[in-house]
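These are the residues of each chain, in order.
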Amino acid sequence: MTLREKAGQLNQRMYGWDAYRRTPGGGFELTDALYAETERFAGLGALYGLLRADAWSGVDHATGPGARDGAELAHLVQRHVVERSRLGIPALFVEEMPHGHMALDGTVLPVNLAVGAGWDPALYERAAAHAAAELRARGGHVALVSALDIARDPRWGRTEECFGEDPYLAARLTEALVRGMQGEQEPGGLFAPDRAPVVLKHFAGQGATVGGRNSAESELGLRELHEIHLPAAHAGVRAGAAAVMAAYNEVDGMPCCGNRALLTGVLRDRWGFDGLVMADGLAVDRLARVTGDVVSAGALALNAGVDISLWDEGFTRLEEAVERGLVSERVLDAAVARVLRLKFRLGLFERPCGAVPPPSPAAGRGLSTALARTAVTLLHNDHGVLPLQTPSRIAVLGPHAGTVAHHLGDYTAPQRPGTGTSVLDALRRTGVDVRHVRGCALTGDELSGIPEAIAEAAACDVAVLVLGGSSARTPDTEFDANGAARTAVSEMTCGEGADLAGLRLGGAQHALLDAVTATGTPTVVVLVQGRPHAVPEAAERAAALLTAWYPGPWGGEAIADVLLGRAEPMGRLPVSVPRSAGQLPVHYNHKETEYGGYADDSAEPLYPFGHGLSYTSFAYGTPRLSGRTVEADVTNTGERRGRSVAQLYIRRLVTPVWPRTLELRGFQALDLAPGERRTVVFPLGAEQLAQVGTDLATAVLPGTVEIRVAESARRALTAVPVVLRVGQSFTAPDETPL
């Protein structure tokens, strides 16, 4: 291969939606922009977002490819790429898959924060497999999936893309994601035709952004990086992830895409990763602030360990970088080999235009609804107002009650009219007399609709008040060149580029909450949100409070099922819920200190990590050691069948490094009938006991630990523990979490 051809394989410079246009006859034709790109590099390494549809790309149902013709477009582009390549090298088609394929007619899943609330890796694995099959049926190849960011500051607009605040929970769900999307590799490491290689993003530490500000600096020490932000990535690598995406943030002064210690020292040398490293959008060119120009910026990223760029100019000039001696051709060849190896594993040289039959849309809807149902979390339920006992009249109020559009989250394609079910529609289908008033908008201080909402609430047996936020993008949204919202418009309060200084809901929503609860009608508040908003008033005044996160198009059905008792509330908090933004941070796994609290407020979260009620009650017995396991009895002490998530926490008493208050190291869901008792058994191996030592290596170190089994982090603090002394004789398996 020539230098020009090699550089071309490492480039992903073009926006895929610029590669085609609709013809008057309803088909597609290729653009001059695509012709110029393939001419420039005698082919094409990768193409981003060919099937993407959203407000940023401007692609909608009138202009873009849907389920019917997506594969046709992919084949048209691929044939052109192969023809323009002297060696017949096909392109990788790379697509956004944060919660389902971000394409027209793709199944939209609940966002990652909702998946985290389900604490159900097996269900998520099945949903990920379905999403991969949809991608491959459209002619796409590679899935970009958020998995590695840890939610440490809920003001950050991308909190919805995180599985939660805990590295262990994120690691287990990342493993499930990789297993589901990539499946069992065939002989030779080939991917099955209905499975897709995953690019795990973002590596690493992006969730540590200062002030919750998107793409801001991260004051991230190496210990915090290793203990909190790397375990999910390592779990994904051990599960066989094909690729990772280098994040925007810097670690110890060097942005991730130029950080050789991170991308080569940790990822490749220590972890043995032999897959692809992709830079985040335009991140390579940002390195020019370090190197002085984009040519040397590209060389820095390539030398650090980046294999393929995204929209950058720096990688388009790698031929010049080699000629100037900024990077060796040997380093270039290694990156090219990794790109070509992935194409071989996908079978693209044998079947450059291959596609598989699409999976059942009904199956996708079922999986999305099942995930949404597991995510609905009951935070409090005063006097057992839930489940609703078939009231004669329900007032269904609030800006989220009658909509689906605001339930979907960021990175979502336009939906066809009639897709999904709102909370209002789902409750109406029960035959109960439902009265509806929106009351107010998600944002702003317009109060004119509140008097009507008061009247309806006062005339009904119960009020269901559906409040929250929105990540919906609209055509009037201004975007940066990487797709992040430049300014929040309309009712947008969350998503990439929509960070909050505070965590309050819109002023009118608080006024509506005050007014409805003041009627004396029992009020159930449901929060639909992409972050944990601080709504202590709901905790104080509502008869019951639930959060559903962004539950996807059919989340209304899941919420209604829980309200009416057709389904048990199964969710458990993947993040701690603060009382106010002034408390932050409130994550449970902070370093153990003797700090008492603020003079003007509690330092404790409103609701703790792992919390979630059921319509029954459970009793947890004292844990006991049994060989290399710990056991605890869990009993359903109520009158209904229910699900409890038993959580194993470690508290280190004697340790070589300063400990955290608690560390989640295991969880199991139990479905128990009334009066049923079951013994939950957790292994005690390296996955549970290892820690990051003084040398930043992870191993099982001598010390004394308490082992606690409880329903939440707060309950674990008061649970009776069993003490384990780990001595020099303990032999850990070769594989450890880091």
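Just so it is clear, the structure is predicted and the values come from calculations on it, not from any experiment.

Trainee: Is there a simple way to explain the sheet that holds strand β13 (residues 433–437) in this structure?
Mentor: Where strands meet in a sheet, backbone hydrogen bonds hold them as pairs that are either parallel or antiparallel. Read across the open sheet, the six strands follow the order β11-β16-β15-β14-β12-β13; overall the sheet is mixed. Each end of this open sheet is capped by a strand with a single partner; those strands are β11 (377–381) and β13. This sheet shows a mean twist of 20° between the axes of neighbouring strands, independent of strand direction. Across four bridges, strand β12 (residues 393–397) lies against strand β14 (residues 462–468) in parallel orientation. When the sheet's bridge partners are listed, Leu397 is paired in β14 with Leu465. Its contacts with the sheet place helix α18 (residues 507–518) against β12, β14 and β15 (523–528), and it is angled at close to 170° to β14.

Trainee: Where do I start with the sheet that holds strand β4 (residues 92–96) in this structure?
Mentor: Read across the open sheet, the six strands follow the order β3-β4-β5-β6-β7-β10; overall the sheet is parallel. Each end of this open sheet is capped by a strand with a single partner; those strands are β3 (46–48) and β10 (276–279). Adjacent strand axes in the sheet meet at a mean angle of 30° when their direction is disregarded. Across three bridges, the pairing between β4 and strand β5 (residues 142–146) is parallel. Counted as the bridge partner of Glu95 is Ala143 from β5.

Trainee: Honestly, the environment of Cys162 in this entry has me stumped. Any pointers?
Mentor: Note that Cys162 resides in the loop between β5 and α6 (167–182). With 373 residues separating them in the primary sequence, Cys162 and Val535 have C-alpha atoms 21 Å apart. Setting aside residues up to four positions removed in sequence, Cys162 forms contacts with Asn112, Leu113, Asp149, Ile150, Ala151 and Trp156.

Trainee: I tried to follow a nonpolar patch on the surface on my own but got confused; where do I start?
Mentor: On the surface, a cluster of nonpolar side chains totalling about 230 Å² of accessible area is made up of Leu653, Val654 and Val723. Tracing the chain through its elements places Leu653 in strand β20 (residues 642–654). With a relative accessible area of 37%, Leu653 lands in the partly exposed category.

Trainee: For this particular structure, what's the right way to read the confidence of the model for the protein?
Mentor: Low pLDDT marks regions whose predicted coordinates should not be analysed in detail. For the protein, per-residue confidence averages 94 on the pLDDT scale, and 99% of positions sit at 70 or higher. Predicted confidence is poor over residues 729–738, with pLDDT under 50, and the contacts of this stretch with residues over four places away or in other chains come to 27 contacts.

Trainee: Hey, could you run me through the side chain of Thr616 in this one?
Mentor: Among the structural elements, Thr616 can be located in the loop between α20 (555–563) and β17 (618–620). Thr616 gets classed as buried once you look at its relative accessible area, which sits at 13%. In terms of polar contacts, Thr616 uses its side chain to reach the side chain of Asn636, at 2.7 Å. Within the local environment of Thr616, its side chain forms a polar contact with the backbone nitrogen of Gly638, the two atoms lying 3.3 Å apart. In contact with Thr616, other than residues within four places in its own chain, are Glu568, Asn636, Gly638, Glu639, Arg640, Arg641 and Gly642.

Trainee: Would you mind showing me how to read the packing of helix α5 (residues 121–137) against helix α15 (residues 361–375) here?
Mentor: It is at 10 Å that the axes of α5 and α15 come closest, and there the two elements cross at 150°. On the basis of their axis angle, the class for α5 and α15 is roughly antiparallel. The way α5 lies across α15 gives a crossing that is left-handed. Taking contact as the criterion, the partners of Leu123, Tyr124, Arg126, Ala127 and His130 in α5 are, on α15, Ala363, Gly364, Leu367, Ala370, Leu371 and Thr374.

Trainee: Explain the packing of aromatic side chains to me, please; I cannot follow it from the model alone.
Mentor: Given two aromatic rings, their pairing is described by the distance between the two centres and the angle made by the two planes. Under the criterion given, the structure shown has 16 aromatic pairs. An angle of 80° between the planes, with centres 5.4 Å apart, marks the rings of Tyr15 and Trp56 as edge-to-face. With Tyr15 in the loop between α1 (3–9) and β1 (20–22) and Trp56 in the loop between β3 and α3 (70–84), this residue pair connects regions lying 41 residues apart in the sequence. Its relative accessible area of 15% is what places Trp56 among the buried residues. With centroids separated by 5.0 Å and ring planes inclined at 85°, the aromatic side chains of Tyr48 and Trp311 adopt a geometry described as edge-to-face.

Trainee: I'm lost on the side chain of His202 in this one. Help?
Mentor: Relative to the assigned elements, His202 resides in strand β6 (residues 198–203). Reaching out from His202, the side chain makes a polar contact with the side chain of Asp149 at a distance of 2.8 Å. In this view, His202 contacts Ser146, Leu148, Asp149, Arg158, Glu161, Met245, Ala247 and Asp280; residues no more than four positions away in its chain are not counted.

Trainee: Could you clarify how one ought to interpret the pairing of β5 in this entry?
Mentor: Consecutive residues of a regular strand have side chains that alternate between opposite faces of the sheet. With respect to burial, β5 is a largely interior element, five of its five residues being buried. Residue alternation in β5 divides its side chains into two sets, Val142, Leu144 and Ser146 and Ala143 and Val145, and both sets are buried. On the question of chirality, the crossover connecting β5 to the parallel β6 by way of α6 is right-handed.

Trainee: Teacher, can you tell me more about unusual backbone geometry here?
Mentor: Note: most residues except glycine have negative phi, and most peptide bonds are trans. Cis rather than trans, the peptide bond between Phe203 and Ala204 has omega equal to 5°. Along the chain, Ala204 turns up in the loop between β6 and α7 (222–229). With an omega dihedral of 0°, the bond running from Leu386 to Pro387 counts as a cis peptide bond. Checked against the element boundaries, Pro387 lands in the loop between β11 and β12. A positive phi angle is found at Leu696, which is not glycine, with a value near 65°. Counting through the fold element by element, Leu696 comes out in the loop between β23 (691–692) and β24 (698–699).

What counts and how
Residues numbered from 1 in each chain as written. Predicted model: local features only at pLDDT ≥ 70, side-chain atom pairs only at ≥ 80, totals over all residues. Heavy atoms only, no water. Pairing = 2+ DSSP bridges. Helix = DSSP H or I, 4+ residues; strand = E, 2+ residues; numbered from the N terminus. Axes fitted to C-alpha atoms, helices over the stretch in contact; angles between N-to-C directions. Contact = heavy atoms within 4.5 Å. Patch = residues over 30% accessible without salt bridge, like charges linked within 9 Å, V, L, I, M, F, W, Y side chains within 5 Å. Areas by Shrake-Rupley, 256 points an atom, 1.4 Å probe, with all protein chains shown as cover. Salt bridge = Lys/Arg side-chain N within 4 Å of Asp/Glu carboxyl O. Buried < 20%, exposed > 50% of the residue type's maximum accessible area, 1.4 Å probe, protein only. pLDDT = per-residue confidence, 0-100. Polar contact = N/O pair within 3.5 Å; in protein donor to acceptor, adjacent residues only side chain to side chain. Parallel < 35°, antiparallel > 145°, perpendicular 65-115°, else oblique. Left-handed = near helix turned anticlockwise from the far one by under 90°. Phe/Tyr/Trp six-rings, centres within 6.5 Å; stacked < 30°, edge-to-face > 60°. Right-handed = clockwise from strand over helix to strand, strands pointing away.

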